[in-house]
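Chain residues, written in single-letter form:
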Amino acid sequence: MISVEDRLEVEAFLFKEARLADESRYSEWEALVDDDMHYWVPLQESQEPDSDQVSILNDNRTRLATRIRQLNTGVRHAQLPPSRMRRSISNIEIEKTGADEYVVRSNVVLYEFRRQATKELEVWPARVEHKLRRKDGELKMFSKHIFLLNSEGSVRGLSFII
Amino acid sequence: MMNQTDTSKFPRYDKLITDARVHSSLYTDEKVFEDELNKIFRMGWVFICHDSEIPNAGDFVRRNVGREPVFAIRSRDGEISVIVNRCAHRGNIICQEDKGNTKALVCQYHGWAYDTKGALVDVPYPGGFKGDFSCHGLERLPLVDSYQGFVFASFNENAPPLLNHLGRATELIDRAVEMSPVGRIRLSGGWVRHQLNCNWKMLPENDTDGYHVNFVHPSFAQAIRSNYDEAVLDDEEGLKSLAKDWGNGHTELFFSPSYTRPLEWFGCAEDRHPAYTKALLAAYGEEKGGRILRDGPPHAVIFPNLFLGEMNIVRFEPVAPGVCLHVHTPMYLEGVEDDVNKRILRQSEGALGPTAFLLADDCVIAERAQNALQGKGRWLDLSRGAEREVVADDGVISSHLTDETPNRGFWRHYRSVMHPGAPTSGVSAVA
């Protein structure tokens, strides 16, 4: 059982992370990430991270830095202009896995207005698993795994931070 | 009379396509789309799967051929059948899983059972069934053939042999599989289905368009140092890569002339994978093995729906005039160390699919084009570089990387398929 204080702190982190992603504030979002980050959208619900199965997205810290650098060039057509987004997070379950580490499971529904091209509203429902640790008095995320409900179906362009 | 009736029903492709331009209605018109599903995806050869996806008896994978749901399945005798995924009784889906293994195919609706070649073998409550089992099998595609393990099929029993359709482009497939020291690839990594809201023809066109790279992918060029800097991002005088038309609608961006050292195409130092280098040289000899190590894999489209995307294999799927899928899997090599295939996988995730450093931008550009082509439409120019093309002895046309040689080759073949008998120019079909 985690304390109320821990729960509030973890939830505040999730909400801030969501807001920065929603608002395409790439570098501020990246500041929440620790050095051993794994940012992952698997193709299958039961996929293992190190399997030979292809992923929709599979970034270690280096590749994530490249992704942020590309978004920050200002000429990434896929996010020019950036999608307008809002995501709702619910069913937050927090498990304390070490003195200062947490696994956080949640349900997320992201609404995306694709204003770069087709001007449609796209909906991205997912199960999300964060791994957080407290470092220098602040929470950092070192893993974010996004299990899209439709990952094995047809998936539209996904060039924002999910 | 039949011919006159037939052509009057359809758009005048001979008027809508010339070597210098194509009309935008070819991307938006429902009638054109339906006509393509018939003339290209039913009457011609279509890539289905690679035999490494179904290595064992009873293995199957689901696919779509145009709008037709099918599955490919291997029987105990090793033969691969491509079968329409529809029960002969009341038309239900027979094979619901995307892939798997089975001894028999049993319809979930009334329990009709078929063997792995689609023959009807059992009907529940047989007292009421007065039909002939041999007349109630599943619909098999009459032509199934393969080249280097790439399985193609056609609904048209009178289609010319697969090798006629592939023509000179067998060389492109050879170059893909020869990236393996044992000459075999393995498509076991799963397929990502990326939906683009654009016409399917924009996929083969864009995948072998060498002109757009500097404009669609500047963010990639700025963020990442890669082999593409030399291959596609140099200025007009500096570019050594070539655009090629192989005939029969098969097209290529030929990057190899840009590469000066082994494994440059793989984005790594030449001593990064010593076991792989040694195995290729041992398998093919110093000269050919050295050439493979320097030249790298093909970047080529096999008409109409297969893209040999360097170390990826891609299928194009038309869904509607303004919707298509770009479906990719890493092209794993047999006979290599795991670290080679691991690099192939990571590069595949970087280059292709919804989140990719490259394709996500192509996707938005294509969707904008589809939007712009609505309404009355207009002519699209295809003429770039026509005056500086070079035709080799084998008929393959080469030009500057930024020239529209591949797109002209695509459309020339498209026109000959959609409007048989229309006069053609340029590279001829292979006899």
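All of these numbers come straight from a predicted model, not from anything done at the bench.

A. Seen up close, the side chain of Glu367 of chain B. By the secondary structure assignment, Glu367 of chain B is in helix 13 (residues 359-372). According to the relative accessible area criterion, Glu367 of chain B is buried, its value standing at 2%. Among residues more than four places away in sequence, those in contact with Glu367 of chain B are Arg114, Ala117, Thr118 and Arg156 of chain A together with Gln195, Leu196, Asn197 and Cys198 of chain B.

B. View of the packing of aromatic side chains. Enumeration according to the criterion identifies 19 aromatic pairs over all chains in this entry. Both rings, one in Trp124 of chain A and one in Phe160 of chain A, keep their centres 5.7 Å apart while their planes meet at 75°; by these two values the pair is edge-to-face. Separated by 36 residues along the polypeptide, Trp124 of chain A in strand 5 (residues 121-135) and Phe160 of chain A in the segment after strand 7 (154-155) bring together distant segments of the chain. The class of Phe160 of chain A is buried, set by a relative accessible area of 1%. Aromatic ring contacts, followed pair by pair, group Tyr13, Tyr27, Phe41, Trp200, Phe303, Phe410, Trp411 and Tyr414 of chain B into a single cluster. Seen from the ring of Tyr27 of chain B, Lys201 of chain B lies directly overhead, with NZ or CZ sitting 5.5 Å from the centre.

C. View of the pattern of salt bridges. Residue and element names in this part refer to chain A. Counted by the stated rule, this structure contains 55 salt bridges over all chains. Here Glu23 and Arg86 are joined by a salt bridge, their closest N and O atoms 2.8 Å apart. Of this pair, Glu23 sits in the loop between helix 1 (4-22) and helix 2 (26-30) while Arg86 sits in strand 3 (residues 84-98); the two residues are 63 residues apart in sequence, bridging distant segments of the chain. Relative accessible area serves as the criterion here: at 47%, Arg86 is assigned to the partly exposed category.

D. View of a nonpolar patch on the surface. Residues and elements named next belong to chain A. On the surface, Tyr111, Phe113, Leu121 and Val123 cluster together into a nonpolar patch covering about 360 Å² of accessible area. For the nonpolar patch, the secondary structure elements donating two or more residues are strand 4 (101-113) and strand 5. Tracing the backbone shows Tyr111 in strand 4. We classify Tyr111 as partly exposed; its relative accessible area is 40%.

E. Region of interest: the interface of chain B and chain A. Counting from both sides, the interface comprises 42 residues of chain B and, opposite them, 34 residues of chain A. Of all residues in chain B, Glu349, Thr355 and Phe357 of chain B give up the largest surface area on contact with chain A, accounting jointly for 21% of the area buried on that side. At the junction of chain B with chain A, the criterion picks out two salt bridges. Note that Arg76 of chain A is salt-bridged to Asp361 of chain B, the shortest N-O span being 2.8 Å.

F. Spotlight on the domain arrangement of chain B. All names here are of chain B. When its domains are assigned, chain B resolves into domain 1 (46-154) and domain 2 (167-418). Taking the mean C-alpha position of each, domain 1 and domain 2 sit 32 Å from one another. Tallying the contact residues gives 14 residues for domain 1 and 18 residues for domain 2. The three residues of domain 1 that bury the most area against domain 2 are Phe47, Tyr147 and Phe150, which together make up 38% of that side's buried surface. The tally of links between domain 1 and domain 2 comes to zero salt bridges. The set of elements that each furnish at least two residues to the side of domain 1 that touches domain 2 consists of strand 2 (46-50), strand 3 (59-65) and strand 11 (150-154). With four residues, strand 2 is the single largest residue contributor to the side of domain 1 that touches domain 2. By residue class, the composition of the side of domain 1 that touches domain 2 is six nonpolar, five polar and three charged.

Calculation notes
Residues numbered from 1 in each chain as written. Chains lettered and ligands numbered in written order. Predicted model: local features only at pLDDT ≥ 70, side-chain atom pairs only at ≥ 80, totals over all residues. Heavy atoms only, no water. Helix = DSSP H or I, 4+ residues; strand = E, 2+ residues; numbered from the N terminus. Buried < 20%, exposed > 50% of the residue type's maximum accessible area, 1.4 Å probe, protein only. Contact = heavy atoms within 4.5 Å. Phe/Tyr/Trp six-rings, centres within 6.5 Å; stacked < 30°, edge-to-face > 60°. Lys NZ or Arg CZ within 6 Å of the ring centre and 35° of its normal. Salt bridge = Lys/Arg side-chain N within 4 Å of Asp/Glu carboxyl O. Patch = residues over 30% accessible without salt bridge, like charges linked within 9 Å, V, L, I, M, F, W, Y side chains within 5 Å. Areas by Shrake-Rupley, 256 points an atom, 1.4 Å probe, with all protein chains shown as cover. Buried area = accessible area lost by both parts, 1.4 Å probe. Domains from an automatic or database assignment. Nonpolar A, V, L, I, M, F, W, Y, C, P; charged D, E, K, R; others polar.

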